[in-house]
Amino acid sequence: MIQHFLFQWHITNQCNLRCTHCYQSDYAHDLSTEVLFSVLEQLNQFRLYWGATAHINLTGGEPLVSQNLFPVLDAITETGMTFSVLTNGTLLRKQTAQKLAEYQNLKYIQVSLDGNQEIHDAIRGAGSFEKALAGIWWLKKYHIPVSVSFTVSRKNWHSLHEVCQICRKLHADYFWTDRLIPFGHADAQNCLSTEEFQQFLSALAAEERKNLQFFRKTFVKTGRALQFLGGCTQGIYHCEAGDSFFTIDENCNLLPCRRMPVIIGNLQKENLLHLYLDSEIMQDLRKHAIPQECRNCQKAPFCRGGLKCLCYALFQDYHRKDPNCFL
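Let us look at the structure shown here. (Residues numbered from 1 in each chain as written. Predicted model: local features only at pLDDT ≥ 70, side-chain atom pairs only at ≥ 80, totals over all residues. Heavy atoms only, no water.)

### Considering the environment of Gly235
With respect to the secondary-structure elements, Gly235 resides in the loop between β7 (219-220) and β8 (245-248). Judged by its relative accessible area of 37%, Gly235 falls in the partly exposed class. Spatially, the C-alpha atoms of Gly235 and Asn324 are 18 Å apart, while their sequence positions differ by 89 residues. (Helix = DSSP H or I, 4+ residues; strand = E, 2+ residues; numbered from the N terminus. Buried < 20%, exposed > 50% of the residue type's maximum accessible area, 1.4 Å probe, protein only.)

Here you go:
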């Protein structure tokens, strides 16, 4: 029996940036407050049905663009669920940070950094780097936990150490990274090769070892797909999409994961619990089957083949072995 669910909820697809690896195809759609409240009610009833706790990662688009953000946060607070906000950080200012700091059920704010100033601005737009850093500064000013997200690709994998240094300088609480998934605007040519991934993991393990330093400012998290292969020590990740984790997109569609854009159904037309229980795809994902190519690997029962969304993006088959696995 699942005791805790993680929901990723896209409350808008409006955004102030146009990132080169963005999954979205348009940026003009926004849902009414009433529709968002109805989705939240389904999420809350879903977790109550299972007698479970739940955490919601609110994102977009850019959630800080939405006029509905704070009404939704107020409604989440009433349910007793916790939440985090995933943002590009460029719109975080004093007033917003002050308001966010009032929520006792806020776990952290996630801000994206994809390299040094030159690399980040090339990916996310001129001036976005300095604005994101200013946003992190305001969050720390009001004692809000900050998690920095780094989407790793061929454009930026070599800047890992520099980004971790920036995080430590800003006293960001956490840093984590995962690989680019090639759909939407993201190009498969920007995915790491297996050799690059191997080098990146070695660098990531070196950053993780700094967690042991007494004076560390930022905790480097390494519990993502296949990161154990580089010597990282925080456990072996396996995908929970369709099981204890799923996504509601900006059109109220249920997806196993935003990075695996398979539409299961729509919450404006269908019931979440029924979709979760009856969908053949969700049932299949919950089997946690090991890819055929991995059957003889001792690690396979733990990692279950690696990053399913990458396999789906590249091969339209999430049953395949992670293409970056070098075992």
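### With respect to helix α4 (residues 117-124)
One turn of the α-helix equals 3.6 residues, which is why residues spaced by three or four share an orientation. Within the sequence span of α4, burial applies to Ile119, His120, Asp121, Ile123 and Arg124. Among the structural elements, β4 (106-112) and α5 (128-141) are those in contact with the buried residues of α4. (Contact = heavy atoms within 4.5 Å.)

### Overview of the pairing of strand β3 (residues 82-87)
Where burial is concerned, most of β3 is hidden: 6 out of the 6 residues are buried. Along β3, one buried face is formed by Thr82, Ser84 and Leu86 and the opposite face, lined by Phe83, Val85 and Thr87, is buried too. Two elements, strand β2 (residues 53-59) and β3, share 4 bridges in a ladder whose sense is parallel. Residue pairing in the sheet places His55 in a bridge with Thr82 of β3. Each parallel crossover has a hand, and for β2 linked through helix α2 (residues 69-79) to β3 it is right-handed. With 4 bridges connecting them, β3 and β4 associate as parallel partners. If you follow Leu86 over to β4, its bridge partner there is Gln110. Since β3 and β4 lie parallel, the crossover through helix α3 (residues 94-100) that links them has a hand, and here it is right-handed. (Pairing = 2+ DSSP bridges. Right-handed = clockwise from strand over helix to strand, strands pointing away.)

### So, the pairing of β2
Consecutive side chains along a regular strand alternate between the two faces of the sheet. Counting buried positions over the 7 residues of β2 gives 6, a clear majority of the element. Handedness of the crossover joining strand β1 (residues 4-10) and β2 through helix α1 (residues 33-49) is recorded here as right-handed.

### Remarks on the side chain of Gln110
Among the secondary structure elements, Gln110 is positioned in strand β4. Classification of Gln110 as buried rests on a relative accessible area of 10%. One polar contact links Gln110 to Trp176, side chain to side chain, over a distance of 3.1 Å. Once residues lying within four places of it in the same chain are set aside, the contact partners of Gln110 are Val85, Leu86, Thr87, Ser147, Ser149 and Trp176. (Polar contact = N/O pair within 3.5 Å; in protein donor to acceptor, adjacent residues only side chain to side chain.)

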